[in-house]
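Survey of secondary and tertiary structure
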Amino acid sequence: MAFFRKILIRTVLPITWRHSRHILATRLLRFAVTESDSGWQILNALQAVDDPKVRAMVLQHALEEIHHASEFTRVSKTWLSELPARPLPERDPLFEMEEGVDGLVFFLAYAHVGELDVFDQFASYAAGVGAPEVADVFLEAKLDEYGHISLTWTLLTSLVDEKRARREVLKVRGRRVYEAWLRFSKGIGDVSFAVLLSTLYLVFGPLLWLPARARLRWRGPQGVAA
Amino acid sequence: MNVLGISANAQDASASLVRDGHLIASAHEEGFTRQRHDPNFPRFAIAYCLEVADLAPHEVDAIAFFEEPHARFTRVLTQSFGGFPATLPTFLATMKDWLGTRLWAGNSISARLDVHPDKIAYVPRHISQATQAFVSSPYERAAVLVVDSAGAWSSTALFTASFEDGRLCLQEHEQIPYPHSLGLVQAVFTALLGFRVHDEEACLQDLAAYGEPIYTGRIRKILSPEQDGTYRVDPSFFRFDRLEVPPCSRPWTHKLTDLVGAPRDARRPLPFSTLSGPSSRAPDPEDQRYADIARSLQEVIGECLVGLCRRLRETSGLDRLCLTGPLILDPALRRRIQQESGFTSIHVPVDPGEGGCSAGAALYLDAQKRPRTHQNGTVTPFLGPAFDETRDHAALAHADPRFWQRFRRRGCRPVRDVSLEIAQAGEPEALTGIVADDLAAGRIVGWFQGRAESGPTALGHRAILVDPGRLHSVRRLLDKVTGLPAYRPCTLLLRQDDAGGLLEEVPPRTARWMPALIPVLAEHRARLAPALDTEGRARVVICSPHDSPILHRLLDAFGERTGVPALLNTGLNERDLPMAGSPADALLVFMRTEMDTIVTNGLLARKVWT
């Protein structure tokens, strides 16, 4: 699956990105959102860490993710004359999915798998993007993700033994496949929903147009009964 | 009795908790999620409010939602079909949002908090806003003007409000219906001038200070103030349906660009500046046109608001006014209303925007369920969360500032030769002494103290402070810390007792939470120049010893050192982010930017450059 994704990133994406600034900028902004969410997740997990040295490491990890987010935002803004939509997804703390230490273990395993995936993808994006200033941002982020892979693994194995850590990583991989499936299904659902809504709009639109116009017509200030 | 208020799914999600008639907690979701104007369900803000009251969700007596979703949905649907067939793309986007989540707000609250649906009540949006404005005022009886963008069907509402026999009585006299909305017109011009809608309206307002009102005649063709004090909008210039779908792209028709010219490219920097000295470039006619449009719009909106206030004064016969709605955040408009409306006393709530609706909805529901006495405007602007900073500072002691180099804002001074000095200040006198020395030496100070502001304005609890007399520091603040454009003046923080010696007028009572535009005395203008607009006026915030005792003491200590007890104040955040919600957020700003000192409650960290 990762192999096909790499091929896709290196072949199809460059064509769309090079032909549409809007698509490129929107995509970069989505990376910014993902990095910003990682930073937030790390800050949120900080509440479970007491050791000041580990807290310092985790805080610096958050700093890197936030820096990546701001760099992706910066380059995306240089591509458009109009400001693109800023996605504001609902925050869902990974760290709170399990109770106590298990929460931190799950979070670190999730972060570790995420960093591994992103490390692979950023290399492909840098090769395929076709704009040097954007490629630089991907390469810089890729370099940092390499450090995060080992940091998350070190923190994970400091909490549980290596065997359990591998099991947790496998569990997270299963979960990510399930999440990808959910995203795909949602995409299918969205398309069907859009077709249904368009039909309703085109059927009822001509009938409702006049009453709606009448309702929106200026009738002066409206008095309100006490 | 405990009533939880919730505002969500629109622009600024927030939660508030009213206990026995008193607002005890109020917070925006953005402070917890690091997403500016986060519109999502405020789960963290709710958790915070419940923690303050030490309650589980099922122990709350009632939950108030800030608007009636079905009423607003009807309006959105009518707007979509009224623009058939051009509105198909916005219809698809809005319906996905509405049918997916927004229409089922009550069910969603019930499921997420695991409370019975009967506990949840919808409070009409303008009632929420009017209640928030009136209950926080010191008046027993007042006229209330709500100037909104678009809620359900009305965009502007005129009320009278009073407390009679312990009951809140709100009487709505008139409303001006959608699409005749001052807020929507301002939103369209925000987009036209290249700013982010529902976010950077303040940029448009600040830009107005550099323009001349030469487009007022043309703008009156679009937005015409009527003789009777009302106003009328010509919708043929606008595509308001596009304002429902982020990023609110091109919400105008060609008629508008034919009238006032082409839109501004968002990437084009504006060369205006509050700071003297060489600018990056001189304003060209195109830049000046943007400023002139902004000024003309402000002028016409001001006329409309003054007309509405006079009309309300005539119909209500009252001489006290409560003003609310996002438009009221513009200090120039508030000043004009103060001077021209004829009302003798004007009150503005802590958060007149959408975020404040959660407090209004909760207060309204509380007032409906039990008799109450009026609270005489004792509402504090600091109802957000407080934190223990010890663990973060302990972590900072193990951090290596050289490591931060690669992750800093572009253009910041290298931190290769910097070391950190971390200290516990102990007594407030010691802390304020060190910080006042730093400020007087031109250092930029991050200040994180006590409970957070519950409104959108930085009032000194989550602030970045600078000596206004140090031009170099102010430039560093704008370029290397906040990233704010230089045409946006920071607020000027001072004590009530010092206002007489610095300002031409006495600041109003509301300056404790809402910056008031006041001319500075001529002899102080040179020193306070970075805080002044083109007419020598500053946006003044008054620091009260009751709300912020340590900050009050800091102003005193700073005054002793410099002779002018006033500080430049802006929110503790980088551009496009909300104000720091936790000590860790504040430390990230310190690590990423050229901020020199950070104070989190009693702890202090300083960058020492070698």
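None of these values were measured; they are calculated from a predicted model.

Definitions and cut-offs
- Residues numbered from 1 in each chain as written.
- Chains lettered and ligands numbered in written order.
- Predicted model: local features only at pLDDT ≥ 70, side-chain atom pairs only at ≥ 80, totals over all residues.
- Helix = DSSP H or I, 4+ residues; strand = E, 2+ residues; numbered from the N terminus.
- Rg over C-alpha atoms; globule rule 2.2 N^0.38 Å.
- Buried ≥ 20, exposed ≤ 12 C-beta atoms within 10 Å, placed from the backbone.
- Contact = placed C-beta atoms within 7 Å.
- Domains from an automatic or database assignment.
- Nonpolar A, V, L, I, M, F, W, Y, C, P; charged D, E, K, R; others polar.
- Pairing = 2+ DSSP bridges.
- Axes fitted to C-alpha atoms, helices over the stretch in contact; angles between N-to-C directions.
- Right-handed = clockwise from strand over helix to strand, strands pointing away.
- Parallel < 35°, antiparallel > 145°, perpendicular 65-115°, else oblique.
- Left-handed = near helix turned anticlockwise from the far one by under 90°.
- pLDDT = per-residue confidence, 0-100.
- Core = buried A, V, L, I, M, F, W, Y, C linked by C-beta atoms within 7 Å.
- Expected span 1.5 Å × (residues − 1).
- Arc of directions from axis to C-beta.

Here we look at the overall build of chain B
- Within chain B, the regular secondary structure consists of 19 helices and 21 strands.
- Relative to the globule expectation of 25 Å for 610 residues, the C-alpha radius of gyration of chain B, 24 Å, shows essentially globular dimensions.
- Projected onto the principal axes, the alpha-carbon positions of chain B cover approximately 65 × 60 × 45 Å.
- With 610 residues in all, chain B has 57% of them scored as buried.
- Summarising the internal contacts of chain B: among those between residues at least 6 apart in sequence, 73% fall at separations of at least 24.

A look at the overall build of chain A
- Along chain A, the regular secondary structure elements total six helices and one strand.
- Moving toward the C terminus, one meets the helices and strands of chain A in the order α-α-α-α-α-α-β.
- The C-alpha atoms of chain A give a radius of gyration of 23 Å, which is well past the 17 Å a tight globule of 226 residues would have.
- Seen through its C-alpha atoms, chain A measures out along the principal axes to roughly 70 × 55 × 30 Å.
- Looking at chain A as a whole, 32% of its 226 residues qualify as buried.

A word on the domain arrangement of chain B
Residue and element names in this part refer to chain B.
- If you check the domain split of chain B, you get domain 1 (1-136 + 353-379), domain 2 (139-348) and domain 3 (390-609).
- Taking only C-alpha atoms, the centre of domain 1 and the centre of domain 2 are 24 Å apart.
- With 32 residues of domain 1 at the contact, the number on the domain 2 side is 32 residues.
- Within the residue set of the side of domain 1 that touches domain 2, elements represented by two or more residues are helix H3 (69-82), helix H4 (88-100) and helix H6 (125-135).
- Broken down by element, the side of domain 1 that touches domain 2 gets its largest block of residues, nine residues, from H6.
- A breakdown of the residues in the side of domain 1 that touches domain 2 according to their chemical character gives nine nonpolar, 15 polar and eight charged.

Notes on the sheet that holds strand E20 (residues 597-600) of chain B
All names here are of chain B.
- Spatially, the nine strands line up as an open sheet ordered E13-E21-E20-E14-E15-E19-E16-E18-E17, and their pairing is mixed. At either margin of the open sheet sits one strand with a lone partner, and together these are strand E13 (418-424) and strand E17 (516-519). Averaged over all pairs of adjacent strands, the angle between strand axes in this sheet comes to 35°, irrespective of strand direction.
- Bridging between strand E14 (residues 445-448) and E20 involves four bridges; their strand directions are parallel.

A closer look at the pairing of strand E11 (residues 320-324) of chain B
All names here are of chain B.
- Within E11, four of the five residues are buried, which leaves it mostly tucked inside the rest of the structure.
- Taken together, the four bridges between strand E6 (residues 141-147) and E11 define a ladder with parallel strand orientation. Note that in E11 the partner of Val 144 across the bridge is Cys 322.
- Sheet analysis places E11 next to strand E12 (residues 345-347), joined by three bridges and oriented parallel. Directly across from Arg 320, in E12, lies its bridge partner Ser 345.
- In this fold, the crossover linking E11 to E12 by way of helix H12 (residues 331-340) has right-handed handedness.

Remarks on the sheet that holds strand E7 (residues 154-164) of chain B
- The strand order across the open sheet formed by six strands is E1(A)-E8(B)-E7(B)-E6(B)-E11(B)-E12(B), and the pairing between neighbours is mixed. What marks the edges here is a single partner per strand, and that holds for strand E1 (222-223) of chain A together with E12 of chain B.
- As defined by bridge partners, E6 of chain B adjoins E7 of chain B across seven bridges and the pair is classed as antiparallel. Pairing of Ala 143 of chain B across the sheet is with Thr 160 of chain B, part of E7 of chain B.

Some remarks on the packing of helix H6 (residues 162-216) of chain A against H3 of chain B
- Running from N to C, H6 of chain A and H3 of chain B point in directions that differ by 115°, and their axes come no closer than 7 Å. With respect to H3 of chain B, the axis of H6 of chain A lies roughly perpendicular. When the axes of H6 of chain A and H3 of chain B are compared, the crossing they make is left-handed. Here Gly 205, Leu 208, Trp 209, Ala 212, Arg 213, Arg 215 and Leu 216 of chain A of H6 of chain A come into contact with H3 of chain B, specifically with Thr 78, Phe 81 and Gly 82 of chain B.
- Across the contact of H6 of chain A with H3 of chain B, the residue classes tally to five nonpolar, three polar and two charged.

Structural notes on the confidence of the model for chain B
- Per-residue confidence for chain B averages 92 on the pLDDT scale, and 98% of its residues sit at or above 70.
- Among the prediction metrics, the complex's ipTM stands at 0.89, with pTM recorded as 0.94.

Thoughts on unusual backbone geometry
Residue and element names in this part refer to chain B.
- Here the residue pair Phe 84 and Pro 85 is connected by a cis peptide bond, since its omega of 0° sits within 30 degrees of zero.
- Structurally, the position occupied by Pro 85 is in the loop between H3 and H4.
- The phi angle at Asp 54 is positive, at roughly 55°, despite the residue not being glycine.
- Secondary-structure assignment places Asp 54 in the loop between helix H2 (43-53) and strand E4 (62-65).
- The class of Asp 54 is exposed, set by 7 C-beta atoms lying within 10 Å.

As for the confidence of the model for chain A
- Looking at chain A as a whole, the pLDDT averages 86, with 96% of positions reaching at least 70.
- Confidence, read as mean pLDDT per element, is least for helix H1 (residues 2-19) of chain A in chain A (74) and greatest for H6 of chain A (94).

Quick word on the interface of chain B and chain A
- Listed as interface residues are 49 residues of chain B and, on the opposing side, 44 residues of chain A.
- Residue assignment for the side of chain B that touches chain A shows that the elements contributing at least two residues are H3, H4, strand E8 (167-177), helix H14 (390-396) and helix H19 (583-592) of chain B.
- At seven residues, the largest contribution of residues to the side of chain B that touches chain A is made by E8 of chain B.
- Partitioning the side of chain B that touches chain A into residue classes produces 26 nonpolar, twelve polar and eleven charged.

Details of the nonpolar core
Residues and elements named next belong to chain B.
- Counting 232 residues, the largest nonpolar core has Val 144, Leu 145 and Leu 207 as its most contacted members.
- In terms of residue count, helix H11 (residues 285-316) provides more of this core than any other element does, twelve residues in total.
- Sequence-distant contacts of Leu 207, that is, excluding residues within four places in its chain, are made with Leu 193, Leu 270, Phe 272, Tyr 290, Ala 291, Ala 294 and Tyr 487.

Some details on H19 of chain B
- Counting buried positions over the ten residues of H19 of chain B gives nine, a clear majority of the element.
- Along H19 of chain B, the residues that are buried comprise Pro 583, Ala 584, Asp 585, Ala 586, Leu 587, Leu 588, Val 589, Phe 590 and Met 591 of chain B.
- Among the structural elements, helix H2 (21-45) and helix H3 (52-77) of chain A together with H14, E14, E20 and strand E21 (603-609) of chain B are those in contact with the buried residues of H19 of chain B.

Notes on helix H15 (residues 428-440) of chain B
All names here are of chain B.
- The first and last C-alpha atoms of H15 sit 18 Å apart over 13 residues, in line with the 18 Å expected at 1.5 Å per residue.
- Where H15 is concerned, the buried positions are Leu 431, Thr 432, Val 435, Ala 436, Asp 438 and Leu 439. An end-on view of H15 places all buried positions within 160° of arc, on one side of the element.
- Looking at the buried positions of H15, the neighbouring elements they touch are E14, strand E15 (462-466), helix H18 (549-562), strand E19 (566-571), E20 and E21.
- Downstream of H15 by a residue or two, Gly 442 has a phi angle that is positive, lying close to 90°.

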